[in-house]
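# An overview of the molecular structure
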Amino acid sequence: DTEVTQTPKHLVMGMTNKKSLKCEQHMGHRAMYWYKQKAKKPPELMFVYSYEKLSINESVPSRFSPECPNSSLLNLHLHALQPEDSALYLCASSQESRGLAGSEQFFGPGTRLTVL
Amino acid sequence: LAKTTQPISMDSYEGQEVNITCSHNNIATNDYITWYQQFPSQGPRFIIQGYKTKVTNEVASLFIPADRKSSTLSLPRVSLSDTAVYYCLVGDLSSGSARQLTFGSGTQLTVLP
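Quick summary incoming for the structure in this document. (Residues numbered from 1 in each chain as written. Chains lettered and ligands numbered in written order. Predicted model: local features only at pLDDT ≥ 70, side-chain atom pairs only at ≥ 80, totals over all residues. Heavy atoms only, no water.)

On to the overall build of chain B. Along chain B, the regular secondary structure elements total 0 helices and 10 strands. When the elements of chain B are put in sequence order from the N terminus, they spell out β-β-β-β-β-β-β-β-β-β. Evaluated residue by residue, chain B yields a buried proportion of 47% over its 113 residues. The contacts of chain B with a sequence gap of at least 6 include a subset with a gap of at least 24, amounting to 56%. When the accessible surface of chain B is summed, it comes to about 5,500 Å², and 50% of that surface belongs to carbon and sulfur atoms. (Helix = DSSP H or I, 4+ residues; strand = E, 2+ residues; numbered from the N terminus. Buried < 20%, exposed > 50% of the residue type's maximum accessible area, 1.4 Å probe, protein only. Contact = heavy atoms within 4.5 Å. Areas by Shrake-Rupley, 256 points an atom, 1.4 Å probe, with all protein chains shown as cover.)

Laid out in structure tokens, this is it:
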């Protein structure tokens, strides 16, 4: 199984809602990532988990809260988002055989988030 | 910070070889160079990765000069299905900062019949 799955595929939420994005991989990868991608822009790294521990949080607003319940699952909890947070949220995983940056990342299809 | 620069767009015809160059003047010793392909509304897909010299796999070749300040992705005999955005990724996360792992702006490759 070389697939990263993400649910839901689409999400529409109001600014007062609380929702969660889910990501799952069964490749035995020990690094998992959340990216945000706006239209016609490259993916921007938000969080990195390595061996189920948050290793990188790049100045992401606290309305985004990541969670790694186990080595196969990665969640992104959303609360009080703004319309400018509307984007494609991508999850990825890697084996970390060459360190985080040197390892091939496997991306999921993404969740298209719209904040009204 | 190994910032990368790529051409915004390129056009090609079916059957031609396409070369996309990425500049990364500040590449660090620990950095690998990785290329990804992305179709609309999909996640990026790994194409190839290298550290120095030349790397070849079943879909592409990657040429890296000795100074490693640039790299060239070579796609042989492109087809219409190769129309996509191609990203160069250079970085090292050992410092603990996500700013050290940055996708290039991407090159929109359009293959024409």
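On to the layout of surface pockets, then. All names here are of chain B. One number sums up the size of the largest pocket: a volume of about 460 Å³. In terms of residue count, the dominant contributor to the lining of the largest pocket is strand 8 (residues 84-91) (3 residues). Residues that form the lining of the largest pocket fall into these classes: 8 nonpolar, 7 polar and 4 charged. (1 Å grid on protein atoms, 1.4 Å probe; cavity = no way out; pocket = protein on both sides within 12 Å on 5 of 7 lines; lining within 4 Å. Points joined across faces, edges and corners; volume = space filled by probe spheres on them. Nonpolar A, V, L, I, M, F, W, Y, C, P; charged D, E, K, R; others polar.)

Here the focus is the side chain of glutamine 6 of chain A. Residue and element names in this part refer to chain A. Tracing the sequence through the fold places glutamine 6 in strand 1 (residues 4-7). Glutamine 6 sits in the buried class, given a relative accessible area of 4%. Within polar-contact distance, the side chain of glutamine 6 engages the backbone oxygen of tyrosine 89 at 3.0 Å. A polar atom in the side chain of glutamine 6 sits 2.9 Å from the backbone nitrogen of glycine 110. The residues touching glutamine 6, leaving out its near neighbours within four places in the chain, are Lys22, Cys23, Trp34, Tyr89, Leu90, Cys91, Gly108, Pro109, Gly110 and Thr111. (Polar contact = N/O pair within 3.5 Å; in protein donor to acceptor, adjacent residues only side chain to side chain.)

Next up on the list: the nonpolar core. Grouped together as the largest cluster of nonpolar side chains are 23 residues, with contacts concentrated most on Trp34, Phe64, Leu76 and Leu78 of chain A. Mapped by element, the contributors of at least two residues to this core are strand 2 (10-13), strand 3 (18-25), strand 4 (31-37), strand 5 (44-50), strand 7 (64-70), strand 8 (73-79), strand 9 (87-94) and strand 11 (111-115) of chain A. For leucine 76 of chain A, the residues in contact, after removing those within four places along its chain, are Lys19, Ser20, Leu21, Trp34, Met46, Phe47, Phe64, Ser65, Pro66 and Tyr89 of chain A. Ile20, Ile27, Ala84 and Cys88 of chain B belong to the second largest nonpolar core, which has 20 residues in total. (Core = buried A, V, L, I, M, F, W, Y, C linked by side-chain atoms within 4.5 Å.)

In this section: the packing of aromatic side chains. For the structure on display, the rule yields 10 aromatic pairs over all chains. Judged by centre distance (6.3 Å) and plane angle (25 degrees), the ring pair of tyrosine 33 of chain A and tyrosine 35 of chain A falls under stacked. Both rings, one in tyrosine 36 of chain B and one in phenylalanine 46 of chain B, keep their centres 6.0 Å apart while their planes meet at 80 degrees; by these two values the pair is edge-to-face. Highlighted residues: tyrosine 36 of chain B in strand 3 (residues 32-38) and phenylalanine 46 of chain B in strand 4 (residues 45-50), separated in sequence by 10 residues. When its relative accessible area of 0% is taken as the criterion, tyrosine 36 of chain B is described as buried. The rings of Tyr33, Tyr35 and Phe107 of chain A together with Tyr36, Phe46, Tyr87 and Phe103 of chain B are connected pair by pair, giving a single aromatic cluster. Seen from the ring of tyrosine 51 of chain B, arginine 68 of chain B lies directly overhead, with NZ or CZ sitting 4.0 Å from the centre. (Phe/Tyr/Trp six-rings, centres within 6.5 Å; stacked < 30°, edge-to-face > 60°. Lys NZ or Arg CZ within 6 Å of the ring centre and 35° of its normal.)

Attention now moves to empty space enclosed by the protein. All names here are of chain A. A full pass over the atoms with the stated rule returns 1 cavity of 30 Å³ or more. Within this model, the largest cavity holds a volume of roughly 40 Å³. In this structure, the largest cavity is lined by His29, Arg30, Ala31, Met32, Tyr49, Tyr51, Glu52, Cys68 and Ser71. Looking at the lining of the largest cavity residue by residue, the classes come out as 5 nonpolar, 2 polar and 2 charged.

The values are spatial; any link to function lies outside them.
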